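So you can see what is in the structure, the chains are spelled out below.
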Amino acid sequence: METITGKILITGALGQIGTELSATLADIYGKHNVIMSDVREAPDAPDAPLTFERLDVMDLETFRGIIDRHEVKVVYHLASLLSGTSEKNPALAWRLNIDPLLFLCNLAKDRVIDQIFWPSSIAVFGRGIPKENVGQEVPLNPSTVYGITKLAGEKWCEYYFNQHGVDVRSIRYPGLISWKAPAGGGTTDYAVEIYHKALEEGRYTSFIAENTAMPMLYMDDAIAATIRLMRAPSQAISVRTSYNLGGMSFTPKQLAASIRREIPGFEISYAPDFRQAIAESWPASIDDSVARKDWGLAYWYDMDTMTKEMLENLRVKAS
Ligand code: AKB
């Protein structure tokens, strides 16, 4: 087990990333060093393994109380409204995605906490750039509320690093695919739902059109990348806005073909909704060479190995 000064707090810890990140951090640093928090109640498990705090991240007084009480030094601030949900409630998305980040940056500026991780997204990209292999330094013109909040957040991270030496690190996550916890409110969520429906019903209706490619990543690779970034020496971090992460790139049609290799009768149909326009505003693939060079980003899964893992684990979970 590795030693750490102070405790680690995870916000949004019951969400898709938080569920897996909390467990991995507890394995690395010890259960007593990791505090989970979420706006939802803790799951009603008699053997809930980690300390849990109920926290609405917009309640800054409670947020501060938790940080002080547990002597938290590192915060993985994952609580966020995703792209689909943000379009439905822009004012809430702005407040929720920005105010707690600024609160944490100010705590780090005052040296109450030492390090922050904050997730950005491929949603920062928009018009005026090529669709494929989008690089780290391109004009950012998001067309969604969510993308606007993520772009603003990235700029705040950079500002607090430049002006106050705040060690805040960030990744532009692509769509994340996992089986442990459901995705919630994103445009890339079809790539999670499809596996559940494939097993439950043998068919799926995709809200994204068949040939729309988006960058995607299996959760194990996302967690490994996040921890690798946070452990990298400060002098290796050349990007203080947010690092591109490309993962893999596929369309719903290609993902359906991958599932059909495991479940031969699987059928897919298409009924694009408002999220289609969001998907079309995002890149199809991402160049993440800067993250590879700076802190050794690497991946272990491709579409087919991910499909095998997803189906295998969901089958076990359902049995
Ligand atoms: C979403 O679809 O909103 C997220 C994202 C790409 O940030 N998964």
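Residues numbered from 1 in each chain as written. Predicted model: local features only at pLDDT ≥ 70, side-chain atom pairs only at ≥ 80, totals over all residues. Heavy atoms only, no water.

**Here's the deal with the domain arrangement of the chain**
Once the domains are mapped, the chain shows domain 1 (7-176 + 219-244) and domain 2 (179-215 + 248-285 + 301-318). Centre-to-centre, using C-alpha coordinates, domain 1 lies 25 Å away from domain 2. Counting residues at the interface gives 26 residues for domain 1 and 22 residues for domain 2. Between domain 1 and domain 2, the buried area comes to about 1900 Å², and carbon and sulfur atoms account for 56% of it. The largest per-residue losses of area from domain 1 upon contact with domain 2 belong to Gln-16, Ile-122 and Lys-131, which jointly make up 26% of the total buried on that side. Summed over the shared surface of domain 1 and domain 2, the result is zero salt bridges. Along the contact surface separating domain 1 from domain 2 lie 13 residue pairs in polar contact (both at pLDDT 80 or more). When residues of the side of domain 1 that touches domain 2 are traced back to their parent elements, those giving at least two are helix H1 (16-29), helix H3 (83-88), strand S7 (175-177) and helix H7 (219-231). Looking at the side of domain 1 that touches domain 2, its residues break down into eight nonpolar, 11 polar and seven charged. (Domains from an automatic or database assignment. Contact = heavy atoms within 4.5 Å. Buried area = accessible area lost by both parts, 1.4 Å probe. Salt bridge = Lys/Arg side-chain N within 4 Å of Asp/Glu carboxyl O. Polar contact = N/O pair within 3.5 Å; in protein donor to acceptor, adjacent residues only side chain to side chain. Helix = DSSP H or I, 4+ residues; strand = E, 2+ residues; numbered from the N terminus. Nonpolar A, V, L, I, M, F, W, Y, C, P; charged D, E, K, R; others polar.)

**Let's talk about the state of the cysteines**
Under the definition given, this model contains zero disulfides. Looking at the unpaired Cys-105, the closest cysteine sulfur is the one in Cys-157, lying at 5.3 Å. A relative accessible area of 0% places Cys-105 in the buried class. Accessibility expressed as a relative area gives 0% for Cys-157, which makes it buried. (Disulfide = S-S within 2.5 Å. Buried < 20%, exposed > 50% of the residue type's maximum accessible area, 1.4 Å probe, protein only.)

**Looking at the site of the ligand**
Every residue near the ligand is listed here: Leu-82, Ser-83, Ser-121, Ile-122, Tyr-146, Pro-174, Gly-186, Thr-187, Thr-188 and Trp-282. The separation between an oxygen atom of the ligand and a polar main-chain atom of Thr-187 is 2.7 Å. The side chain of Thr-188 places a nitrogen or oxygen atom 2.8 Å from a nitrogen atom of the ligand. Taken by itself the ligand offers 260 Å² of open surface, and the protein chains cover 94% of this. Per-class residue counts for the shell around the ligand are five nonpolar, five polar and no charged. (Near = heavy atom within 4 Å. Areas by Shrake-Rupley, 256 points an atom, 1.4 Å probe, with all protein chains shown as cover.)

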